[in-house]
Every structure is written in C-alpha cells, then in structure tokens.
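Reading the structure
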Protein chains: 2
Amino acid sequence: LELPSTLIKVVEQFSKLQGIGEKTALRHVLSVTKWNTGDVHAFANALDSLANLKKCEDCGMFADDVFCEVCKSSDRENTKTLCVVESITDCLAIERSGQFGGLYHILGGTLNPLIGIGPEELGVHKILQRVKDKGIGEVILALNPSVEGDATCSYLREVLPEQIVVDRIGFGIPIGGSLEFLDSMTISKALENRRIM
Amino acid sequence: LELPSTLIKVVEQFSKLQGIGEKTALRHVLSVTKWNTGDVHAFANALDSLANLKKCEDCGMFADDVFCEVCKSSDRENTKTLCVVESITDCLAIERSGQFGGLYHILGGTLNPLIGIGPEELGVHKILQRVKDKGIGEVILALNPSVEGDATCSYLREVLPEQIVVDRIGFGIPIGGSLEFLDSMTISKALENRRIM
C-alpha cells in the first residue's frame, strides 16, 4: 500500500531526527493524524518558530528577548566569572550540573581557519569587550578536548588581558568510568591532573 | 537555566508523542535548532499538512486525492473481496502482511451506542452500497477481538445480503507465542479454531 505523499513527507522529516527511524517516524505521524486540527497547527507553529529563535546579544544563548535568562538574571552567584563554551548544548550541560553560577559566552564552534572560522566568527571581540565592561576576573574555558579546542584555548589565553585568571576545565576519568576501558589519552590526562590527597 | 518559552513550547509538543519523554524531546528540539531556516519551515509545513489530510471517499483510507491508492489501483488481485477494519493502522498492518489483495473499508471505530457511535458514524451504508455496486462476493471482518468488535461483526453479518460470504479473521496463538504465557481467552479461541492436519 502506497501511503499518500503528504504522509510520506512528514515521515521523511521525522526520520531526520537522531534515533528516529522510518518505522518510529511513521508511528509518530500516524499518532499525530489522530489529533484534532487545532493541536496539529499548534505543533507545526511551535516547530516553525524554531526557525526564528533569537539569540542573546551578550552571550549567544537562546533567548526570548534581546538577552537570555542568564544575562538578564540578577541572582547569578558570581557575575565576575565568564565560562566560554563551544555550543549551546555544552552550556545547557554545565547548567544542569548546577556547579556554575557565573556568566557564559557561546562561541558557536572552534577556531578553524581551513573552513574560514576565525576569531571574528566566534565573537572573540565580544568576550574582550565583556571582560572589560563587566570587570570579569576569571575566564573558564570549557571547550572540548580536541586539536581545535586546544588551539582555541591557547588563542584566547593569548588575547585575554594578562591580569585575568584563565583556567581550562579539568580532564580525567569520568565518574563511573573504569581505567580498564578508557583510552590512553584520557589516562595520561588523568595522570597529569593528579591531585595530592 | 530557564530555556526560552519558544523552545519549551516545542519540547512540550514533541513530548506528546508516544515514547518521547521530555529529555528526548529536548534533544530533538536542539537538533532542529541547528537546521537552516528553510529546513525548519519544510518540517513545520509538512507537519501542518497533516491537519488537512484527505480521506478516500470510498474506503476511508488516507488519500492524496479523492480516492486512495488501493481504490484507484487497477492491479489489485481481487476486487470482489472487501476487508472491513477498525482503523487505518489496522489496514496498514494487513497491507504489510502482503496476504490480502482486495479492497478495504475503514470503519473508524466500532459500534458503541453509549458514546453515540452507530452504523451511520461507521459508514455501514457505504459498505452496503459498495457491495451492491462492485459486485463484492466476500466480506472479511478483520475487527479486533473485543466486546464492541464482536457486536459490530454480528451487526454487519445481519445487515449484509445473505448470499454474501462473511468471514471473521482467525483468532489463536500468535506465531512465536507460547502456550505457557498466553491468556486463557486466546487459548480457548485457539482450541475452537483447531484444524485437521
């Protein structure tokens, strides 16, 4: 039985989502066909609004207004610390940990001259401006360990004023991890980052 | 970190789908935020079109036009047999088996006078009309085993012309099933439906 093209188009769209195969997509689509017209429109409109999602002018996080919740908030613990991350999802992961009460800057990538991503594209001038304007004393570089991540960190340390403390988040064995199954890069990083007990 | 309401709305919509919790919904939404504007619009439009999905005037299946692929098709094996099912998903399940080459009628439910679903709502008059117009010789009732399903089958047998063969699909042990774990209703149906080897 050939499904009508209307349905097939929606199935194709759902299949583009990670972890959703054609079978699951069809199941979702068939369940939506049972919704009433208003509910389907609401879903479609909400989805469509993602195309025009605003980003915070200060940090680059998703925002309803000009500024995001973090930048607008008056009850962040520590507004003198700036955490630099690669992506919005990395920022959400840190917020979920509940261990950071400062401000963020989302780079949206890492330095990669080969594909034309330089300091301008990552908004490095904005970091420097904010550090100056807001009297930031410490910058935490929460970039992922990779060649590009490392290069971006070195670059940022270089351009940030010398009196600013610049840290990079710690690398080592993840909680619940086991030495037996970890790659040797992680193990050597963990040895390097050992601490006196 | 409070996510902007735009995002939360989409997460809520995705969470309405079966098997998608808030976490998975957020993952899907975040992946969509990385799509380009055109792709997001395409997804939203495809989804929106589900609100106006047409149904075949003959059988009630989803259709692009006035009639569905099955009713339009000229190479169905057997156009003298009509299979009556409760829902479109039941029809798709039978088509997937590849064992039926006839026509369908989708009731859209079962007789349930308590909530006001009578023969009119299920389009029983359409079945009778089609049986007459198309010279249908056999009607297969592929309704699920339930009190309402049974009652609907009895009603249909009564209103269909006497010379028409009316069968109900067989009940018994599903392939791969094991007697040990099956309910006694299924086992008694299976005993009833025993066949000489």
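So, here's what we can say about the structure. Remember, it's a predicted structure, so these values are computed and weren't measured experimentally.

1. So, the pattern of salt bridges
For the structure on display, the rule yields 10 salt bridges over all chains. Linking K72 of chain B and D65 of chain B is a salt bridge whose minimum nitrogen-to-oxygen distance equals 3.1 Å. D65 of chain B sits in the partly exposed class, given a relative accessible area of 41%. Put simply, D150 of chain B and R168 of chain B hold a salt bridge, and the shortest N to O gap is 2.7 Å. On the criterion of sequence distance, the pair formed by D150 of chain B in helix α7 (residues 147-159) and R168 of chain B in strand β6 (residues 165-168) is long-range, its members being 18 residues apart. Among the ionic contacts, a cluster of salt bridges with common partners joins D65, E69 and K72 of chain A.

2. Focus on the pairing of strand β5 (residues 138-141) of chain A
Residues and elements named next belong to chain A. With four bridges joining them, strand β3 (residues 81-85) and β5 adopt parallel strand pairing. Paired with T81 across the bridge in β5 is E138. Both β5 and strand β6 (residues 165-168) contribute to a ladder of four bridges, which runs parallel. The residue of β6 that forms the bridge with V139 is V166. Assessed by its sense of winding, the connection that carries the chain from β5 through helix α7 (residues 147-159) to β6 is right-handed.

3. A look at the relation of the copies chain A and chain B
Two chain copies here: they are related by a rotation about an axis and a translation along the same axis. Between chain A and chain B, the superposition needs a rotation of 180° and an axial shift of 0.0 Å, giving an RMSD of 0.0 Å. Such a combination of rotation and displacement between the chain copies is what one expects of a two-fold axis. Looking at the rotation axis and the C-alpha trace of chain A, the residue lying nearest is A44 of chain A, at 2.3 Å. Comparing interface residues between copies, 100% of those in chain A also sit at the interface in chain B, which points to an isologous, same-surface contact.

4. A short note on the sheet that holds β6 of chain A
Residues and elements named next belong to chain A. With parallel pairing, four strands are arranged side by side in an open sheet as β4-β3-β5-β6. In the strand order of this sheet, the two ends are held by β4 (103-106) and β6, each with one partner. Taking each pair of neighbouring strands and ignoring which way they run, the sheet shows an average axis angle of 25°. The strands touched by helix α5 (residues 88-97) within the sheet are β3 and β4, with β4 carrying the most contacts at an inclination of about 160°.

5. Structural notes on α7 of chain A
All names here are of chain A. Taking 1.5 Å per residue, 13 residues should reach 18 Å; α7 reaches 19 Å between its end C-alpha atoms and fits that length. When we look at burial in α7, the residues that qualify are G149, T152, C153 and L156. With its buried residues spanning 100° around the axis, α7 presents them on a single face. Residues V147 and E158 are exposed on α7 and point more than 90 degrees away from its buried face. Each element contacted by the buried residues of α7 is listed here: β3, α6 (124-133), β5 and β6.

6. Focus on the sheet that holds strand β5 (residues 138-141) of chain B
Residues and elements named next belong to chain B. Strand order in the open sheet formed by four strands is β4-β3-β5-β6, with parallel pairing between adjacent strands. Edge positions in the sheet fall to β4 (103-106) and β6, since each of these pairs with one other strand and no more. Strand-to-strand, the axes of this sheet are offset by a mean angle of 25°, without reference to chain direction. Along the sheet face, helix α5 (residues 88-97) touches β3 (81-85) and β4 and points at about 160° away from the line of β4. With respect to the sheet, helix α6 (residues 124-133) is in contact with β3, β4 and β5, its orientation differing from that of β4 by roughly 160°.

The rules we used
- Residues numbered from 1 in each chain as written.
- Chains lettered and ligands numbered in written order.
- Predicted model: local features only at pLDDT ≥ 70, side-chain atom pairs only at ≥ 80, totals over all residues.
- Heavy atoms only, no water.
- Salt bridge = Lys/Arg side-chain N within 4 Å of Asp/Glu carboxyl O.
- Buried < 20%, exposed > 50% of the residue type's maximum accessible area, 1.4 Å probe, protein only.
- Helix = DSSP H or I, 4+ residues; strand = E, 2+ residues; numbered from the N terminus.
- Pairing = 2+ DSSP bridges.
- Right-handed = clockwise from strand over helix to strand, strands pointing away.
- Least-squares fit on C-alpha atoms with pLDDT ≥ 70 in both.
- Contact = heavy atoms within 4.5 Å.
- Axes fitted to C-alpha atoms, helices over the stretch in contact; angles between N-to-C directions.
- Expected span 1.5 Å × (residues − 1).
- Arc of directions from axis to C-beta.

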